[in-house]
Amino acid sequence: MKGVRKTDKFIVLPENINSVLLRLDEHGHTAYIVGGCVRDMCMDIPPNDYDITTSATPDEIERCFSDKRVIRTGIQHGTVTVIINNEPIEITTYRIDGNYADNRHPDSVKFSKKIEDDLARRDFTVNAMCCDKDGNFIDVFGGIEDIKNKIIRCVGDANKRFSEDALRILRALRFASTLEFNIEKHTKEAIRKNAHLLKSISSERIYSEFTKLLCGKNAVDILLEYSDCIGVFIPELLNEVGFEQHNPHHKYDVYEHSVRALDVCSDDAIVRYAVLLHDIAKPICFFTDENGIGHFHGHAKAGESIAYNIMRRLKADNVTCDTVSMLVKYHDYTITPDMRHAKRMLNKFGYENTLRLLEVKSADTSAHVIFDDDRGRHIEEMRMLCEEAYRQQQCFSLKSLAVNGKDIISLGCKEGKSIGKVLDALLWEVIDEKLCNEKDVLLERAKDIIKTCQENIVD
Ligand code: ATP
Ligand code: MG
């Protein structure tokens with residue numbers, strides 16, 4: 001068979017995967033691991049999941065695993081899931097995809113007995129390899145060579161492949177970003193030509209691939225080079241492209257500034273979305289003063305709802321929508337690096353989101369014309385203070401205050417609203433280090449506060 005080679009790598013498959021390949025083989029079928037897991041193994045990356053492809057039809061697969069639980073997950077595409085030792089394992093019959101009338105899904109699929117047919121329907125050469133249980137690779141389209149040269153190349157005619165399923169455009173950009181590969185010339189031309197077809201792809205599929213792209217090591221270069229493709233599903237970003245800031249602090253246009261800021265970010269998707277979108281309202285808030293200097297008053301606040309709507313449209317979960325838009329709103333939050341302010345910040349945002357906000361601010365600062373040393377240092381100092389406060393379990397929320405509502409009631413304060421006010425007053429005095437977080441100290445102070453309140457009411 002063309003493209004078969006024994007790998008020089010020592011392949012050790014997980015036991016459950018191996019047992020599935022073995023069982024299919026014993027029943028007279030051929031079976032391979034295929035796609036992303038083979039690509040990752042060639043690159044010495046531990047695969048995150050294994051896909052199995054086989055000559056057996058779904059009915060035949062069910063018969064092979066009659067002693068196991070089998071779920072007919074995607075039966076129309078030939079996929080069944082077999083549960084082995086509580087692990088779900090997807091097995092798909094070799095298939096040939098029919099026409100794609102809608103730029104998304106094949107109108108029909110035909111099962112095949114030839115592995116080459118199945119490899120030919122896959123998107124890129126690096127994803128179109130398979131490997132049997134003995135470590136024999138089948139690489140009909142030159143995937144190993146492309147991995148060596150770090151190239152993303154469509155299997156077959158790139159124009160046809162992208163018009164069949166436009167999501168492949170975004171997948172090409174995703175792999176170029178995560179694997180740090182270059183995109184082959186014809187594949188690149190076809191991406192540009194077909195980018196508009198991304199409009200027909202569901203938000204869920206876009207969101208999943210785009211999130212991986214955004215968190216990839218090469219995200220900055222890909223986002224800069226392919227803003228037109230990204231703009232098909234986040235058109236708001238197109239307003240930023242070429243939008244000059246007319247401000248001595250900025251050497252980049254708004255889009256390039258936002259993208260370059262990603263360079264110093266961790267791979268936390270929420271932080272990355274917030275950084276990408278942090279200046280999304282700058283174009284609508286822009287004005288120049290009498291000296292011709294550009295300003296963007298209110299852009300952080302105005303960006304909150306724009307970012308929220310973008311994340312909603314992408315079908316991000318509620319926490320992601322809320323957190324990304326909150327980070328956009330507060331990306332200009334003023335920082336004073338001392339313990340009191342660190343605790344105030346922790347109170348306002350919580351620990352996890354405080355660290356995220358500091359990361360967004362640090363990324364923003366890093367992409368200014370000259371790195372502002374003071375600003376960068378302040379953010380770093382604040383991060384250390386917040387971590388210290390958290391590590392030392394300092395009190396910055398009602399949860400960790402040494403008194404609670406019941407204690408305040410026991411002092412004779414009955415009304416819910418007043419109890420809350422007393423607790424808040426105590427908390428702020430603890431945060432501001434006017435009071436230590438000890439029960440008897442707080443109770444004494446609470447009595448004073450209650451007394452003052454009552455006197456004010458009488459007055
Ligand atoms: P990851 O490591 O992120 O899971 P992957 O390559 O395994 O990457 P999957 O989405 O899990 O990506 O897809 C598994 C395999 O199915 C791919 O490697 C590829 O062979 C094939 N594939 C997935 N999506 C498409 C598509 N839209 N068109 C053609 N082939 C595809
Ligand atoms: Mg996969």
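Structural data are supplied above this passage.
Residues numbered from 1 in each chain as written. Chains lettered and ligands numbered in written order. Predicted model: local features only at pLDDT ≥ 70, side-chain atom pairs only at ≥ 80, totals over all residues. Heavy atoms only, no water.

### What to know about the overall build of the chain
The test is simple: Secondary structure elements are defined from DSSP: runs of H or I of at least 4 residues count as helices, runs of E of at least 2 residues count as strands, and each element is numbered from the N terminus. Each radius of gyration is computed over the set of C-alpha atoms, and the globule rule expresses the reference value as 2.2 Å times the number of residues to the power 0.38. Whether two residues are in contact is decided by their heavy atoms, any of which lying within 4.5 Å being enough. Areas reported as accessible are Shrake-Rupley estimates using a 1.4 Å probe. Residue values count occlusion only from the protein chains shown. Lys and Arg are tallied as positive, Asp and Glu as negative. Neither His nor the chain termini are counted. In plain terms, the charge of a residue is placed at NZ if it is Lys, CZ if Arg, CG if Asp and CD if Glu.
A tally of regular secondary structure across the chain gives 22 helices and 14 strands. In terms of overall size, the chain is more extended than a compact globule, its C-alpha atoms giving a radius of gyration of 29 Å where 459 residues would be expected to give roughly 23 Å. Taken along the three principal axes of its C-alpha coordinates, the chain extends 95 × 65 × 40 Å. Taking all contacts inside the chain whose residues are at least 6 apart in sequence as the whole, residues at least 24 apart take part in 65%. Of the roughly 22,100 Å² of accessible surface on the chain, 49% is carried by carbon and sulfur atoms. With 63 positive and 75 negative side-chain charges, the chain shows a spacing of 3 Å between the two charge centroids.

### Looking at the site of ligand 1
Just so we agree on the cut-off: Whether a residue is near a molecule or strand is decided by its heavy atoms; if any one of them lies within 4 Å of it, the residue is near. Polar contact criterion, stated in full: a pair of N or O atoms within 3.5 Å, where within protein one must be able to donate a hydrogen and the other to accept it, and residues adjacent in sequence count only if both atoms are side-chain atoms.
As a matter of local geometry, ligand 1 sits amid 17 residues, with Arg39, Asn127, Asp165, Arg168 and Arg174 nearest to it. Residue Asp123 places a main-chain N or O atom 3.2 Å away from a nitrogen atom belonging to ligand 1. With respect to ligand 1, the side chain of Asp165 contributes an N or O atom lying 2.9 Å from a nitrogen atom. Protein coverage of the free-state accessible area of ligand 1, which is 580 Å², stands at 81%. Elements that contribute at least two residues to the shell around ligand 1 include exactly α2 (36–42) and α7 (167–178).

### Some thoughts on the packing of aromatic side chains
The criterion, for reference: Each pair of aromatic rings taken from Phe, Tyr and Trp, with Trp reduced to its six-membered ring, is defined by centres within 6.5 Å and is described as stacked if the planes are under 30 degrees apart, edge-to-face if over 60, and tilted in the remaining cases. Whether a residue is buried, partly exposed or exposed follows from its accessible area with a 1.4 Å probe, protein chains only, as a fraction of its type maximum: under 20%, in between, or over 50%, in that order.
What the rule picks out here adds up to 10 aromatic pairs. An angle of 80° between the planes, with centres 6.3 Å apart, marks the rings of Tyr330 and Tyr333 as edge-to-face. Taking the relative accessible area as the measure of exposure, Tyr330 reaches 21% and is therefore partly exposed. Ring geometry for Tyr330 and Phe349: centres 5.1 Å apart, planes at 75°, overall edge-to-face. Taken together, the residues span a long stretch of sequence, with Tyr330 in the loop between α16 (318–329) and α17 (339–349) and Phe349 in helix α17 at a distance of 19 residues. Using a relative accessible area of 10% as the deciding quantity, one classes Phe349 as buried. Taken together, the ring pairs in this structure connect Tyr207, Phe210, Phe233 and Tyr273 into an aromatic cluster.

### A word on the pairing of strand β4 (residues 69–74)
Put simply, side chains in a regular strand alternate between the two faces of the sheet. The line we're drawing: By definition, two strands form a pair when at least two bridges between them are found by DSSP.
Relative to strand β5 (residues 79–84), β4 runs antiparallel, the two being bridged by 4 bridges. In the sheet register, Val70 faces β5, and the bridge partner there is Val82. Once β4 ends, the chain turns through 4 residues before running back antiparallel as β5, passing Gly78 with a positive phi of about 85°.

### Some points on the pairing of β5
The buried fraction of β5 is high, at 6 of 6 residues. Neither face of β5 is open: one carries Thr79, Thr81 and Ile83, the other Val80, Val82 and Ile84, and all of them are buried. Alignment of β5 against strand β6 (residues 87–93), held across 6 bridges, turns out to be antiparallel. From the neighbouring strand, Val82 faces β6, where its bridge partner is Ile89. Hairpin connection, β5 to β6: the antiparallel pair is bridged by 2 residues, and Asn85 has positive phi, about 45°.

### Topic: the pattern of salt bridges
Which entries qualify depends on this criterion: The rule for a salt bridge is simple: a side-chain nitrogen of Lys or Arg has to be within 4 Å of a carboxyl oxygen of Asp or Glu.
Enumeration according to the criterion identifies 40 salt bridges in this entry. Put simply, Arg171 and Asp123 hold a salt bridge, and the shortest N to O gap is 2.7 Å. You can see Arg171 sitting in helix α7 and its partner Asp123 sitting in the loop between α4 (115–120) and β9 (130–131), a full 48 residues away along the chain. Glu304 is the partner of Lys301 in a salt bridge, and the nearest nitrogen-oxygen pair spans 3.4 Å. Here Glu304 and Lys301 lie together in helix α15 (residues 299–313), a separation of 3 residues that amounts to about one turn. With relative accessibility at 24%, the residue Glu304 sits in the partly exposed group. Bridged by salt links that share partners, the residues Asp123, Arg171, Arg174 and Glu209 form one connected network.

### Quick notes on the packing of helix α9 (residues 203–214) against helix α13 (residues 269–277)
What counts is decided by this rule: Axis lines are fitted to C-alpha atoms, over the contacting stretch for helices. Their N-to-C directions set the angle, which ranges from 0 to 180 degrees. Any angle that is under 35 degrees is reported as roughly parallel, and any over 145 degrees as roughly antiparallel; angles of 65 to 115 degrees are reported as roughly perpendicular and all others as oblique. Amino acids outside the nonpolar list (Ala, Val, Leu, Ile, Met, Phe, Trp, Tyr, Cys, Pro) and the charged list (Asp, Glu, Lys, Arg) are all regarded as polar, and Gly is one of them.
In contact at an axis separation of 10 Å, α9 and α13 are set at 85° when each is read in the N-to-C sense. With respect to each other, α9 and α13 are oriented roughly perpendicular. Between α9 and α13, the contacting residues are Tyr207, Phe210, Thr211 and Leu214 on the first element and Ala269, Arg272, Tyr273 and Leu276 on the second. For the contact of α9 with α13, a count of residues per class yields 6 nonpolar, 1 polar and 1 charged.

### Notes on the side chain of Arg168
Checked against the element boundaries, Arg168 lands in helix α7. A relative accessible area of 6% places Arg168 in the buried class.

### Overview of the nonpolar core
We apply this condition: Only buried Ala, Val, Leu, Ile, Met, Phe, Trp, Tyr and Cys residues count toward a nonpolar core, and they belong to the same one when joined by side-chain atoms within 4.5 Å.
With 106 residues, the main nonpolar core has Ile33, Ile91, Leu173, Phe210, Leu223 and Leu277 as its most contacted residues. Residue contacts for Leu277: discarding those within four places in its chain leaves Leu237, Ala307, Ile310, Met311, Val324 and Val328.

### Concerning helix α19 (residues 373–391)
The criterion, for reference: One less than the residue count of a helix, multiplied by 1.5 Å, gives the span that helix is expected to have.
Taking 1.5 Å as the rise per residue, α19 with 19 residues should run 27 Å; its terminal C-alpha atoms sit 27 Å apart, in good agreement. All buried positions along α19 are accounted for by Gly376, Ile379, Met382, Leu385, Cys386 and Ala389. Buried positions along α19 lie against α17 and α18 (351–366). A positive backbone phi angle near 50° is found at Gln393, which sits one or two residues after α19.

### Describing unusual backbone geometry
The backbone of Glu180 sits at a positive phi, close to 60°, despite the residue not being glycine. Note on placement: Glu180 falls in the loop between α7 and β12 (182–183). Glu180 gets classed as partly exposed once you look at its relative accessible area, which sits at 39%. Despite not being glycine, Lys315 shows a phi value in the positive range, around 70°. By secondary structure assignment, the location of Lys315 is in the loop between α15 and α16. Residue Lys315 is classed as partly exposed on the basis of its relative accessible area of 48%.

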